[in-house]
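A structural walkthrough
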Amino acid sequence: MRLTTKGRFAVTAMIDVAMHSGKGPVTLAGVSERQKISLSYLEQLFGKLRRHGLVESVRGPGGGYNLAHPASSLSVADIILAVDEPIDATQCGGKENCKDDKRCMTHELWAALNAHIFSFLRSVTLEQLVRAQDKSDVNVLQDHRVPLSKKPEPAPVV
């Protein structure tokens, strides 16, 4: 999977909008300042998010963006897919022409990883990410990786 800054910034910006939307439309200038993301880059991202129905724009003085749906119904996968980020760990984009126009030996492994990644990103809502920022619910998302200092020692060779 190649999650680039486009997907990361889109998710970050949507968290910001969700956190600040109770006060009316959120300006991209405000998001840009708070998150240190280029305003022109945000304009491109929000054009895609709007076209996919994730946000609504409000024109005029006091305008900006609102979420088009409750944060509880917007998943991280929705956001990433809206900004054209592929969720794909295969080299072939799922076309099964990985090696010499044939399926490579590890194609199924990477395809299965894609399914797990997509399932995880689909299961995480914008509301959960906002709650995690509020620190009121520290167990919203947990890092399940084993810390480097706690990885088991390799078995001795006998």
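Up top is the structure these notes are about.
This report concerns the structure included in the present document.

Each value, and the rule that gives it
Residues numbered from 1 in each chain as written. Predicted model: local features only at pLDDT ≥ 70, side-chain atom pairs only at ≥ 80, totals over all residues. Heavy atoms only, no water. Helix = DSSP H or I, 4+ residues; strand = E, 2+ residues; numbered from the N terminus. Buried < 20%, exposed > 50% of the residue type's maximum accessible area, 1.4 Å probe, protein only. Areas by Shrake-Rupley, 256 points an atom, 1.4 Å probe, with all protein chains shown as cover. Core = buried A, V, L, I, M, F, W, Y, C linked by side-chain atoms within 4.5 Å. Phe/Tyr/Trp six-rings, centres within 6.5 Å; stacked < 30°, edge-to-face > 60°. Pairing = 2+ DSSP bridges. Expected span 1.5 Å × (residues − 1). Contact = heavy atoms within 4.5 Å.

1. Focus: the overall build of the protein chain
What the protein chain contains, in helices and strands, is 6 helices and 2 strands. Taken over 158 residues, the protein chain has a buried fraction of 35%. For the protein chain, the computed accessible surface area is about 10300 Å², with 53% contributed by carbon and sulfur atoms.

2. Let's talk about the environment of Asp88
With respect to the helices, strands and loops of the structure, Asp88 is situated in the loop between helix H4 (76-82) and helix H5 (107-123). Spatially, the C-alpha atom of Asp88 lies 8.9 Å from that of Phe118, the residues being 30 residues apart in sequence.

3. Looking at unusual backbone geometry
Phi is positive for Lys36, close to 60 degrees, though the residue is something other than glycine. Judged by relative accessible area, which is 69%, Lys36 ranks as exposed.

4. Comments concerning the side chain of Asn114
Along the chain, the position of Asn114 falls in helix H5. Using a relative accessible area of 12% as the deciding quantity, one classes Asn114 as buried.

5. Points about the nonpolar core
The nonpolar side chains of a soluble globular protein tend to be buried with one another. In terms of nonpolar packing, the biggest core is built from 34 residues, with Met14, Phe46, Leu49, Leu67, Ile79 and Leu126 touching the most fellow members. Every element with two or more residues in this core is listed here: helix H1 (5-20), helix H2 (28-35), helix H3 (39-51), strand E2 (64-67), H4, H5 and helix H6 (126-134). A total of 7 residues in this core trace back to one element, the largest contributor, which is H1.

6. Re the packing of aromatic side chains
In the structure shown here, the tally under the stated rule is 2 aromatic pairs. Centre to centre, the rings of Phe9 and Tyr41 are 5.8 Å apart; their planes meet at 85 degrees, and the pair counts as edge-to-face. Residue Phe9 is located in helix H1, and its partner Tyr41 is located in helix H3; the two are separated by 32 residues in the primary sequence. In this structure Phe9 comes out as partly exposed when scored by relative accessible area, which is 28%. Given a relative accessible area of 24%, Tyr41 falls into the partly exposed group.

7. Notes on the pairing of E2
Here is the key point about a regular strand: its side chains alternate between the two faces of the sheet. Across 4 bridges, the pairing between strand E1 (residues 55-58) and E2 is antiparallel. In the strand pairing of E2, Val55 is matched with Leu67. Between E1 and E2, which follow one another and run antiparallel, lie 5 residues, and Gly60 among them has a positive phi close to 90 degrees.

8. Quick word on H5
Here H5 contains 17 residues, and its C-alpha end-to-end distance of 24 Å stays within 8% of the 24 Å for a straight helix at 1.5 Å per residue. Where the residues of H5 are buried, they touch H4.

9. Here's the deal with H1
With 16 residues, H1 extends 22 Å from end C-alpha to end C-alpha; this agrees with the ideal 22 Å at 1.5 Å per step. Inspection of H1 places Gly7, Ala10, Val11, Ala13, Met14, Ile15, Asp16, Val17 and Ala18 among the buried residues, and these make up the whole buried set. In this structure, the buried side of H1 is in contact with H2, H3, E1, E2, H4 and H6.

10. What to know about the environment of Ile117
With respect to the helices and strands, the residue Ile117 is situated in helix H5. Residue classification places Ile117 among the buried positions, given a relative accessible area of 18%. The spatial distance from the C-alpha of Ile117 to the C-alpha of Ala89 is 9.3 Å, given a sequence separation of 28 residues.

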